[in-house]
Amino acid sequence: MQASKRISNILGGGSDGWEVFLRARQMIASGTPVTELTIGEHDIRTAAPILQEMHRTAMAGHTGYAAVPGIDSLRDAVAARVQAQSGVPTTRGNVIITPGGQAALFAAHSAVLDPGDTALYIDPYYATYPGTLRAASGTPVAVQARASDAFQPRAADIAALAAGAKSLLVNSPNNPTGVVYSRETLQGIAEVCQTHDLWLISDEVYDTQIWEGAHLSPRALDGMAERTLVVGSMSKSHAMTGSRIGWIVGPEDMIEHLTNLATHTTYGVAGFIQDAALFALAQGADFETQIAEPFRRRRDIALDILRAQNVVKSVPNGGAMYMMLDISATGMDGEAFANALLDAHHIATMPGESFGAAAAGHIRVAMTIEDNAFATAMQTLCDFAKSRT
Ligand code: PLP
């Protein structure tokens, strides 16, 4: 018996770029300690009061089927949060709660793509993007952002591939680069979407991890609210990766379609997880700042170390828990460098090439280990790069 073409082709036949990561995990399994700067997961666990609330509400009986688009109180809280942040009038009818941002990305693309439709996304990209677009029966087409533009995508490059496309997926603050798109970049993206009648899927799961300025959602730009689906998540903002809780914000008719999709796929999100999410959101901005703080601190630590040398260059990173480092002065590509660093110093990073062709010659560092260990790893990485020039 054969699996469907759609599901067999999710990975698109290429390498998924996780070889260095898997090799590091094998080393760990065989007893070799490895400093892992690979995965976008906090080094803290979900805060105890959030777990206590989850426990309380489950014990109180919120363990049955919950409303498919999400419980009203959580939809209201997400709408209020998004409206306060973006200034765009947003109500419960604009919000569906999803089991995490990843499920939201799949659902959003399922809602806008017909089989075979071209779905644009920006390279460098979060590793699941092309597979998610294929899973939603689209044809992924990458628009290369340029290292020389600090990975801010050019509107003209998007426009050149936009004829006949149905959607564009963007992510700011960005994984893997840590780049925050400027107002000018987002304005250019908005104009291309309007000229070419594209849906914009805006992945904003790092909206609380901004190191300079404030988060700008492209949904807030003129003429964009009716053609934008915003993907949100509490994984990164509230250190709730395992709770699988996120949302899509968009036009009401699309939320109704998405509710139909959820009825036939996930059947919603566990009520006790939603109650815990509501409780977590109610902790307010100070709590979110506290969760983001270690990454802000480690970014400063890394920038100090990088300033003291001139081999490894940082892509200007204004947000998210990652740094994209240009190691091309070593003459190695990202994969060779990451493998050599793993072998020589047992430090695991992600090759830029894991995130698309545009990030070749780079490595991505996740700032997800304790400060002193992070500083030591960054210093070792820079010294190693120097030794290879
Ligand atoms: N989008 C981006 C850019 C991410 O980096 C991630 C996770 O790392 C996700 C979406 C999915 O997050 P989750 O499904 O945990 O909400």
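Residues numbered from 1 in each chain as written. Predicted model: local features only at pLDDT ≥ 70, side-chain atom pairs only at ≥ 80, totals over all residues. Heavy atoms only, no water.

### Comments concerning the overall build of the protein chain
Our working definition: Starting at the N terminus, helices and strands are each numbered in turn, a helix being any DSSP run of H or I of at least four residues and a strand any DSSP run of E of at least two. Each residue is assigned to one of three classes by its accessible area relative to the maximum for its type, calculated with a 1.4 Å probe on protein chains only: buried under 20%, partly exposed between the two thresholds, exposed over 50%. Here, two residues are considered to be in contact whenever any of their heavy atoms come within 4.5 Å of each other. To be clear on the numbers: accessible area is Shrake-Rupley with a 1.4 Å probe, and residue cover counts the displayed protein chains and nothing else. None of His or the chain ends enter the tally, which takes Lys and Arg as positive and Asp and Glu as negative. Charged groups are reduced to one reference atom each: NZ for lysine, CZ for arginine, CG for aspartic acid, CD for glutamic acid.
Of regular secondary structure, the protein chain possesses 13 helices and 13 strands. Referenced to the eigenvectors of the C-alpha coordinate spread, the extents of the protein chain come out at roughly 60 × 55 × 50 Å. Counting only residues that meet the buried cut, the protein chain has 55% of its 389 residues in that class. Considering only intrachain contacts with a sequence separation of at least 6, the fraction spanning at least 24 residues in the protein chain is 75%. For the protein chain, the accessible area works out to roughly 16,000 Å², and carbon and sulfur atoms hold 53% of it. Of note, the protein chain has its 27 positive side-chain charges centred 3 Å away from the centre of its 39 negative side-chain charges.

### Quick look at the domain arrangement of the protein chain
Just so we agree on the cut-off: Bear in mind that the domain bounds are from an automatic or database domain assignment. Put simply, buried area is how much 1.4 Å-probe accessible surface two parts lose in total, over both of them, once they are put together. We count a salt bridge whenever a side-chain nitrogen from Lys or Arg sits within 4 Å of a carboxyl oxygen from Asp or Glu. Any pair of nitrogen or oxygen atoms within 3.5 Å is treated as a polar contact; in protein, a donor-acceptor pairing is required on top of that, and neighbouring residues in sequence qualify only through side-chain atoms on both sides.
When its domains are assigned, the protein chain resolves into domain 1 (5–45 + 286–381) and domain 2 (64–284). On a C-alpha basis, the centroid separation for the pair domain 1 and domain 2 is 24 Å. Tallying the contact residues gives 35 residues for domain 1 and 37 residues for domain 2. Carbon and sulfur atoms supply 58% of the area buried between domain 1 and domain 2, which totals about 3,100 Å² over both sides. Summed over the three residues of domain 1 that lose the most area to domain 2, namely Glu 288, Phe 355 and Ala 358, the buried surface amounts to 19% of that side. Our count for the domain 1 to domain 2 interface comes out at 2 salt bridges. Put simply, domain 1 and domain 2 have 24 residue pairs in polar contact (both at pLDDT 80 or more) between them. Secondary structure elements with two or more residues in the side of domain 1 that touches domain 2: helix H11 (284–307), strand E10 (322–326) and strand E13 (362–366). At 8 residues, the largest contribution of residues to the side of domain 1 that touches domain 2 is made by H11.

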